[in-house]
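Coordinate inspection notes
Spelled out, the chains give:
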Amino acid sequence: MPSPGTIAGPLQALIDEFAKFPTIGPKTAARLAFYLLSRPRHEAQALAEAILGMKDKVRFCSVCFALTQDDPCDLCTDERRESAICVVAEAKDVYAIERTGSYKGRYHVLGGLISPIDGIGPGQLRIRELNDRIGVEHPNEIIIATNPNSEGEATALYLSRVIAPLGVAVTRLAYGLPIGGDLDYADEITLSKSLEGRTALS
Amino acid sequence: MRLERLALSNVRNYALLDLEPQSGLNVFIGANAQGKSNLLEAIAVLGIGKSFRSGRDADMIRDGCERGMIRGEAVRGEGRVQIGCSIVKNGNSTRKTFTRAGRNVRYAQFLGALTVVTFVPADLQLVTGTPGERRAFLNTALAQQDAEYYRALSHYQAALRQKSALLRADGNPDEELLAVYDRTLAESGAIVVLARQSFVEALAREAAIAHERWSGRGERLELRYAPNVAFEAATQEAVRAALASRLREVARTERLRRMPLAGPHRDDLLATLDGRPLSNFGSQGQQRTAVLALKVAEYLVMRDRSGEAPLLLLDDVLSELDEQRATAFLGGVGDYEQAYVTATQRPPRLPAQSALFIVDAAQVRREGSVAC
């Protein structure tokens, strides 16, 4: 690896920028920078423009708080989508569920999970906004899709308590075994939750 | 159950160690600060995933190293499984990973591969110490034998930490959120309380028998579980309801004092001798005999419940006891499958089937089996 001082200033500057990325150390940062140096100018330009375009154009949807270029986002303006609202913790969770292709409703991104230890109470999340949407959109169902850890569970329980009085059905994603998995390798907690949530074969 | 191999790399004062313990009694002899207790600590980590000493996990990594690793081969009946624990420095903290049969597993799945009963000089104060120390004793024993207990206890503690933070931060905390945590506390708490109750009942029976055999004076040792919240029937629903109703009763005071006030995190285990609390009335000798009986009972109950004798780890404790009590203790657990003892000098009388190891500056040398 080149030592500081032997590298041209602009190249070192790029290495330093890459090294700020998560999971990227100084060696990988140098490799990425040297790779870009070896590519034609238009490729570097496309990368630079993609980065700036992303920063300038991507924002949070003012309705569901998913990431979007247009506000409100395509998911919110699509008239064919059903009225159900799937509540997730983070914007990236929207894409996880969209990738399944089997959900046709709308979303609501909370912006985190309730955790008083970390100073995050219900007031720090977009729960009031969810309440307002329920009043306006009258969804037929609220599907809570928070992670099955203790913060996710507490958030789900909290939501069900504050939403239930509004007269809308509240459901929770099922716990279960991964498809293609092996019973032997499942941990006891997942397995016993799967037993509790077993379904009839028909 | 027994450990057939113990391998350390960069753990405490050991750079590399590969040891083959024997069935029966393994005695580590050496001067102070040579690494005897570190061996027992490493074995305990394979059992309970953490040290029996106080202090940080980082302290277990050898000075100047980034990562310490403990591996072992646990044999239970016909089964044989490789288990391991790595402690890796990670900035100012450490990260622990567990393996079982070559795969990374979570702590909950690691627990129970090797069950251990540890006995260290600090345990001699169990009867007179704080309720927190007695709860830690119950938790360590129960988590090893009961995966559901460990799971419920983790849920309980996670909810309790969040509730504490919520009460502390805000003089006017969200009622609905408190209700969410209280619900988890009551549900998980009920599992914790019932497991503790039945474990202490079993402990009390065995401890009374062992104690009666030793004390000779007809004194009766009684152990009693003292739950913070009383309940009417030993069923999950009854205990859950009792916890939930108590949490409602104290809710106002909790908000005023900004801390959680009721639940199994305030339980205790009480020992009485002929009806008098040992912590206030017992002589030091009586208190020690009671702890010995409690430890023997822990061993016997864990053995009977799992059908497998746990490993006994006796760190520096036999030398703390007079010879009569030491003999009584070893007699009480007479049929152990494998035990580990540290001592500064060769004990005068060793049972047959003992292996002697000399520990000197992180080198361990086998002295050959001795017969008595």
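The preceding data block contains the structure.
Being a predicted model, the structure only gives us computed values, none of them experimental. (Residues numbered from 1 in each chain as written. Chains lettered and ligands numbered in written order. Predicted model: local features only at pLDDT ≥ 70, side-chain atom pairs only at ≥ 80, totals over all residues. Heavy atoms only, no water.)

All names here are of chain B. Among the structural elements, Lys295 can be located in helix H8 (residues 284-306). Of note is the side chain of Lys295, whose polar atom sits 2.7 Å from the backbone oxygen of Thr118. When residues no more than four places from it in sequence are discounted, the contact partners of Lys295 are Val117, Thr118, Phe119, Asp123, Phe137 and Phe329. (Helix = DSSP H or I, 4+ residues; strand = E, 2+ residues; numbered from the N terminus. Polar contact = N/O pair within 3.5 Å; in protein donor to acceptor, adjacent residues only side chain to side chain. Contact = heavy atoms within 4.5 Å.)

With that out of the way, let us pick up a nonpolar patch on the surface. Residue and element names in this part refer to chain A. On the surface, Leu47, Ile51, Met54, Val58, Phe60, Leu67 and Tyr95 cluster together into a nonpolar patch covering about 610 Å² of accessible area. Per element, the largest residue contribution to the nonpolar patch is three residues, and it comes from helix H3 (residues 41-57). Summarising the element assignment, Phe60 is placed in strand E1 (residues 59-60). (Patch = residues over 30% accessible without salt bridge, like charges linked within 9 Å, V, L, I, M, F, W, Y side chains within 5 Å. Areas by Shrake-Rupley, 256 points an atom, 1.4 Å probe, with all protein chains shown as cover. Salt bridge = Lys/Arg side-chain N within 4 Å of Asp/Glu carboxyl O.)

Turning our eyes to something else, we now look at the pattern of salt bridges. Residues and elements named next belong to chain B. A complete count under the given rule lists 32 salt bridges over all chains for this structure. With a shortest N-O distance of 2.8 Å, Lys163 and Asp182 are connected by a salt bridge. Here Lys163, found in helix H4 (residues 147-169), pairs with Asp182, found in helix H5 (residues 175-215); they are 19 residues apart in sequence, far enough to count as distant. Like Asp182, Lys163 is buried. Here Lys295 ties to Glu298 by a salt bridge, and the two come within 3.0 Å at their closest N and O atoms. One end of the pair, Lys295, and the other, Glu298, are both in helix H8, three residues apart, so they sit about a helical turn from each other. The class of Lys295 is buried, set by a relative accessible area of 3%. Overlapping salt bridges bring together Arg2, Glu4, Glu73, Arg80 and Glu337 as one network. (Buried < 20%, exposed > 50% of the residue type's maximum accessible area, 1.4 Å probe, protein only.)

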